[in-house]
Amino acid sequence: MYDKWHKVNGKVESAVVQDGRIQQVGGSLLIRQVTAADAGRYVCVVSSSVGSERAHTSLEVWAPLTAHITPQVQTVDVGGRATFNCSPEGFPQDTITWFKDGEPLQVSERVRLVGQRTLVVEEVKRLDRGMYQCLVSNLEGAAQGSAQLKLGGECEREREGGRGVNEGGRERGTQTQTQPPQLSDPGACGSAGVGCSEGPGWAVSGR
């Protein structure tokens, strides 16, 4: 009797390629330094002189989420176009949500998303300036990236007039901005192993 491990990719089932990182020890499959590519369905085939049996199991891989928006500060003239790109990392990435000044982003024909990761603001208006956030999340946590949209000439006006008093002598108010809550990130998986003879089930360690 002998055991052999296969991995299912879509409709294709192929033998697991063993190297220094992936090894079969007896009837168990050991995967060290797990990556996102290792996730998926695995099949253990037990063969003998009287036939064969198959056992199925699945491996889910998790890594801490991070998110960044580029550019972090963008200055655009009124009537111009602004583009922000969200670059999330980690897995799984279940959802990507955009916010402006801590509130869910209101999309329109002028303010639109290209896929989930790119935000385009056409014909920029004064109301478009502020902070933009992209929030990437999964069942274990979330992470966000932030960026600022400024209007052309805004910094120059601030230097000339200051933040305290405007031309009419009245105090200029400041806008308080809130952001979506930052949730704790999940830990990364270390290595995973499963024994065929004991039935499907993964044991995970940090080594």
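What counts, and where the lines are drawn
- Residue positions within a chain follow its written sequence, with the count starting from 1.
- Since the coordinates come from a predicted model, pLDDT governs what is reported: local features require at least 70, and pairs of side-chain atoms require 80 or more to be given and counted, while whole-chain, interface and lining totals use all residues.
- As a rule here, side-chain values come from all non-hydrogen atoms in the structure, and water together with hydrogens is ignored.
- A carboxyl oxygen of Asp or Glu within 4 Å of a side-chain nitrogen of Lys or Arg is what we treat as a salt bridge.
- Put simply, DSSP H or I for four residues or longer makes a helix, DSSP E for two residues or longer makes a strand, and each gets a number counted from the N terminus.
- Three labels apply to residues, based on accessible area from a 1.4 Å probe with only protein chains included: buried if under 20% of the type maximum, exposed if over 50%, partly exposed otherwise in between.
- Any two strands with at least two DSSP-identified bridges between them are counted as paired.
- Angles run from 0 to 180 degrees between N-to-C directions of axes, and those axes are lines fitted to C-alpha atoms, restricted for helices to the stretch in contact.
- Defined by distance alone, a disulfide is two cysteine sulfur atoms within 2.5 Å.

1. Some points on the pattern of salt bridges
Taken as a whole and judged by the stated rule, the model has six salt bridges. In this structure, Asp38 engages Arg21 in a salt bridge whose closest nitrogen and oxygen atoms are separated by 2.7 Å. A residue pair is termed long-range when its members are at least 10 positions apart, and Asp38 in the loop between β4 (28–31) and β5 (40–48) and Arg21 in the loop between β2 (12–15) and β3 (22–25) qualify at 17 residues. Of the residues examined, Asp38 reaches a relative accessible area of 5% and is grouped as buried. Residue Arg21 is classed as partly exposed on the basis of its relative accessible area of 22%. For Glu122, the salt bridge is made with Arg81, and the minimal N-O distance between the two is 3.8 Å. Here the residue Glu122 occupies a position in the loop between β13 (118–121) and β14 (130–138), and Arg81 occupies one in the loop between β8 (73–76) and β9 (82–91), the gap between them amounting to 41 residues. When salt bridges that share partners are traced, they join Arg81, Arg112 and Glu122 into one network.

2. Here's the deal with the sheet that holds β13
Spatially, the four strands line up as an open sheet ordered β7-β9-β13-β12, and their pairing is antiparallel. Looking at the sheet topology across the chains shown, the edges are occupied by β7 (63–70) and β12 (111–114). Each adjacent strand pair in this sheet contributes to an overall mean axis angle of 15°, direction not counted. As paired strands, β7 and β9 are joined by six bridges and run antiparallel to one another. The residue of β9 that forms the bridge with Ile69 is Cys86.

3. A look at the state of the cysteines
According to the stated counting rule, one finds one disulfide in the structure shown. Disulfide pairing is shown between Cys86 and Cys134; the S-S distance is 2.1 Å. What sets the handedness of the Cys86 and Cys134 disulfide is the S-S torsion sign, and at about 65° it is right-handed. Taken together, the residues Cys86 in strand β9 and Cys134 in strand β14 connect sequence positions 48 residues apart. The class of Cys86 is buried, set by a relative accessible area of 3%. For Cys134, a relative accessible area of 0% gives the class buried.

4. Some words on unusual backbone geometry
Among all residues except glycine, the phi angle is most often negative; among peptide bonds, the trans geometry is most common. Going from Thr70 to Pro71, the amide bond is cis rather than trans, its omega being -10°. Tracing the sequence through the fold places Pro71 in the loop between β7 and β8. In this structure, Pro92 follows Phe91 across a cis peptide bond, with omega equal to -5°. Residue placement: Pro92 occurs in the loop between β9 and β10 (95–100). Phi at Gln33 is positive, roughly 50°, even though this residue is not glycine. For Gln33, the position within the fold is in the loop between β4 and β5.

5. As for the sheet that holds strand β15 (residues 141–151)
The pairing of strands in a sheet comes from backbone hydrogen bonds and takes either a parallel or an antiparallel form. An order of β8-β15-β14-β10-β11 is seen for the five strands of this open sheet, with the pairing classed as mixed. Every interior strand has two partners, whereas the edge strands, β8 and β11 (103–104), have only one. Here β14 runs beside β15; their pairing, made up of nine bridges, is antiparallel. Among the inter-strand pairings, Gln133 is bridged to a residue of β15, identified as Ser146.

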